[in-house]
Amino acid sequence: MTRQWTLRIAGSGLAFVAGLLAVASPSARAQDEPRVIVITAKRFEFSPNLITLARGETVKLQIKSEDVTHGLFVRPLGIDTEIVPGRVTELTVTPATAGTYRAICDHFCGAGHGGMKMTIIVRE
Amino acid sequence: MKKHLDRRRFLKIAGTSMGVGALYTVWPGLGRSAEAAELARRLGAATGERPTPFSFAQLSDAHVGFDGPVGTRALEKAVATINGLPRRPDLVLFTGDLTHDTEKPGEHAARMNLFKEISGRLQVQKIYHVPGEHDAGLDGGELFRNVFGPTSYSFDHRGVHFIGLDNVSRAKPEVGAEQRAWLAKDLSRFHQTTPIVVFTHRPLFDLRPDWEWFTSDGDDVMNLLAPYENVTVLYGHIHREDHHISGHAQHFAARSLSFAFPDPDKVEEKKAIPFDKDQPFKNLGLRLIDRTTAAGARADAIRVQDVELAMSELSGTEGFQQLTKPATF
């Protein structure tokens, strides 16, 4: 299997731009106070493990760990954060593109780390 | 492939794939001309040794201690296979996940020592290791360093500069600013045509980020390597073979010595390929790459060849079964 540079770069570049739009653009945020979604991480699961957002909706994720440091990583949504136990990590997200996204823990947390994931659905 | 001598192309790592890790032959296509001698002298001055033919093997993802049906058999078989080669490689590079992590007191160290005992049976000049996240993700690499030494380092061998990079012990998939600064300094003494082999655990490009098959600052690492025209990156982690090209660099993944993952382009979920008791080593394998491309060249020709890893049609087949095929090595 040979992978070509151009295809990979094109893919990751789009994802990166989408992520920037999703997280960093103040103009994309709703006027009203954003909806708050609380997510708990513990080895080796997120709870809830499925959340549904609307495209263009600004939400605030409040994430906490019940045990060790975890990560939350979703490249297309521009999410890449550490979840340190003992404090709440807050992220504001405004997804720009509808779709189903896999969120993973990207901070190695033990033998079941590879299966620690959740799903984020962004509806039109 | 014959080419006129120029600084852009010097070595070729080429040959036949035989499916657990890989065995590469580095074959400098030097003739007897003054220009070739000068190029060898110049590279030798940079690395301390002139390029001469040699081979080395890559093994990966043994996961010693993993509760799977293969156990340590694939690792042991790979060791025996390499020891049985008519021309043994000079070096063996292990690209991480030597062990499977555990938090049972003392058990991870026991697994690391078991790995060291088995791999220590390799009858080669030198064995080099970099950690995987299962070796170093929970303790920041402390156990690995106690057993094997630094998690990143470089060395020269017969005119090739080897760089072991650690993209796991910060727990996140990243190399980190400190190691990148070290890399920049390490590279700075080399000419742009110096053959460079980087070995690491995770891919240094976005192979499948939602399967954690990436390194977050992999682009920064590759930018440091970009001025160098002969770069080969060997990695593990994905438990399957893969070939990727970026700029001057070619990236190759070795198969695992424990279990295999499926093609990420064909399935959505990252689940190990089910074990087949009738073919216990299916999808595991040893990739053997030999010097076939060097054969038949005119003795007085100046053959200057790319640094690349060329996989043949045997690549991706039935692992150890391939070792029964006639070897040209």
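Procedures and definitions
Residues numbered from 1 in each chain as written. Chains lettered and ligands numbered in written order. Predicted model: local features only at pLDDT ≥ 70, side-chain atom pairs only at ≥ 80, totals over all residues. Helix = DSSP H or I, 4+ residues; strand = E, 2+ residues; numbered from the N terminus. Buried ≥ 20, exposed ≤ 12 C-beta atoms within 10 Å, placed from the backbone. Contact = placed C-beta atoms within 7 Å. pLDDT = per-residue confidence, 0-100. Pairing = 2+ DSSP bridges. Nonpolar A, V, L, I, M, F, W, Y, C, P; charged D, E, K, R; others polar. Axes fitted to C-alpha atoms, helices over the stretch in contact; angles between N-to-C directions. Core = buried A, V, L, I, M, F, W, Y, C linked by C-beta atoms within 7 Å. Expected span 1.5 Å × (residues − 1). Arc of directions from axis to C-beta.

### What to know about the overall build of chain B
Scanning chain B from terminus to terminus reveals 7 helices and 12 strands. Across the 329 residues that make up chain B, the buried fraction comes to 54%.

### Quick word on the overall build of chain A
For chain A, the helix and strand inventory stands at 1 helix and 10 strands. Ordered by position in the sequence, the α and β elements of chain A form the string β-α-β-β-β-β-β-β-β-β-β. Looking at the 124 residues of chain A, the share that counts as buried comes to 31%. Intrachain contacts of chain A at a sequence separation of at least 6 include 69% that bridge at least 24 residues.

### Looking at the confidence of the model for chain A
Of the residues in chain A, 75% have a pLDDT of 70 or more, and the chain-wide mean is 83. Overall, residues 4–22 of chain A carries pLDDT values under 50, and its contacts beyond four positions in sequence, including any with other chains, amount to 25 contacts.

### Description of the pairing of strand β10 (residues 242–246) of chain B
Along any regular strand the residues' side chains alternate between the sheet's two faces. Residues and elements named next belong to chain B. Of the two faces of β10, only the one carrying D242, H244 and S246 is buried; H243 and I245 on the other face are not. The pairing of β10 with strand β11 (residues 249–253) spans 5 bridges and is classified as antiparallel. By the bridge assignment for β11, D242 is matched with A253. In textbook terms, the turn of a hairpin is the stretch between consecutive antiparallel strands, and for β10 and β11 this stretch comprises 2 residues, one of which, G247, has a positive phi near 55 degrees.

### Brief notes about the interface of chain B and chain A
Residue-level contacts link 20 residues of chain B with 16 residues of chain A. Broken down by element, the side of chain B that touches chain A gets its largest block of residues, 5 residues, from β10(B). In terms of residue class, the side of chain B that touches chain A is built from 6 nonpolar, 6 polar and 8 charged.

### With respect to the sheet that holds strand β3 (residues 45–47) of chain A
All names here are of chain A. One open sheet accounts for 4 strands, arranged β3-β2-β5-β8; its pairing is mixed. Strand pairing shows two members of the sheet lacking a second neighbour, β3 and β8 (89–93), which therefore form its edges. Ignoring strand direction, the axes of neighbouring strands in this sheet form an average angle of 25 degrees. Pairing of strand β2 (residues 35–42) with β3 involves 3 bridges; the strand directions are antiparallel. Residue pairing across strands places A41 opposite F46, the latter belonging to β3.

### Overview of the nonpolar core
V92(B), V198(B) and L234(B) are the most contacted members of the largest nonpolar core, which totals 50 residues. The element that contributes the greatest number of residues to this core is helix α2 (residues 73–83) of chain B, accounting for 5 residues. In this structure, V92(B) is in contact with F56(B), A57(B), L59(B), I82(B), L122(B), V124(B) and I127(B), ignoring residues within four places of it in sequence. Counting residues in each nonpolar core, the second largest holds 24 residues, with L61(A), I79(A), M116(A) and A171(B) among its members.

### Concerning the confidence of the model for chain B
Residues and elements named next belong to chain B. Taken residue by residue, chain B gives an average pLDDT of 76. The fraction at 70 or more is 69%. Across residues 1–20, confidence stays below pLDDT 50; counting only partners more than four residues off in sequence or on other chains, it has 103 contacts. Counted against residues more than four places away or in other chains, residues 285–329, with its pLDDT under 50, gives 139 contacts. Interface confidence for the predicted complex, expressed as ipTM, amounts to 0.77; the pTM equals 0.80.

### Let's talk about the pairing of strand β10 (residues 117–123) of chain A
All names here are of chain A. Bridging between strand β4 (residues 50–54) and β10 involves 5 bridges; their strand directions are parallel. The residue of β10 that forms the bridge with I51 is I120. For strand β9 (residues 99–104) and β10, the ladder comprises 6 bridges, and the chain directions are antiparallel. Bridging from a neighbouring strand, T100 pairs with I121 of β10.

### Examining unusual backbone geometry
F44(A) follows R43(A) through a cis peptide bond whose omega is 0 degrees. Position of F44(A) relative to the elements: it lies in the loop between β2 and β3. In this chain, S47(A) is followed by P48(A) through a cis amide linkage whose omega measures -5 degrees. Structurally, P48(A) is set in the loop between β3 and β4. Positive phi values are uncommon outside glycine, yet E212(B) reaches one of about 60 degrees. In this fold, E212(B) is placed in the loop between β8 (196–199) and α7 (218–225). For E212(B), a count of 25 C-beta atoms within 10 Å puts it in the buried group. Residue H239(B) is not a glycine yet carries a positive backbone phi of 55 degrees. Summarising the element assignment, H239(B) is placed in the loop between β9 (231–235) and β10. Among the residues examined, H239(B) registers 24 C-beta atoms within 10 Å and is labelled buried.

### A few points about helix α3 (residues 107–119) of chain B
All names here are of chain B. Between the first and last C-alpha of α3 there are 18 Å, a value that for 13 residues agrees with the 18 Å anticipated at 1.5 Å per step. Within α3, burial applies to H108, R111, M112, F115 and S119. With its buried residues spanning 100 degrees around the axis, α3 presents them on a single face. For α3, the secondary structure elements touched by its buried residues are α2, β4 (91–95), β5 (126–130) and α5 (142–148).

### Concerning α2(B)
Taken together, the buried positions of α2(B) are A74(B), L75(B), K77(B), A78(B), V79(B) and I82(B). Among the structural elements, β3 (54–59), β4 and α3 of chain B are those in contact with the buried residues of α2(B).

### Some details on the environment of E82(A)
Within the fold, E82(A) resides in strand β7 (residues 79–83). Residues E82(A) and T40(A) lie 42 residues apart in sequence; the distance between their C-alpha atoms is 13 Å.

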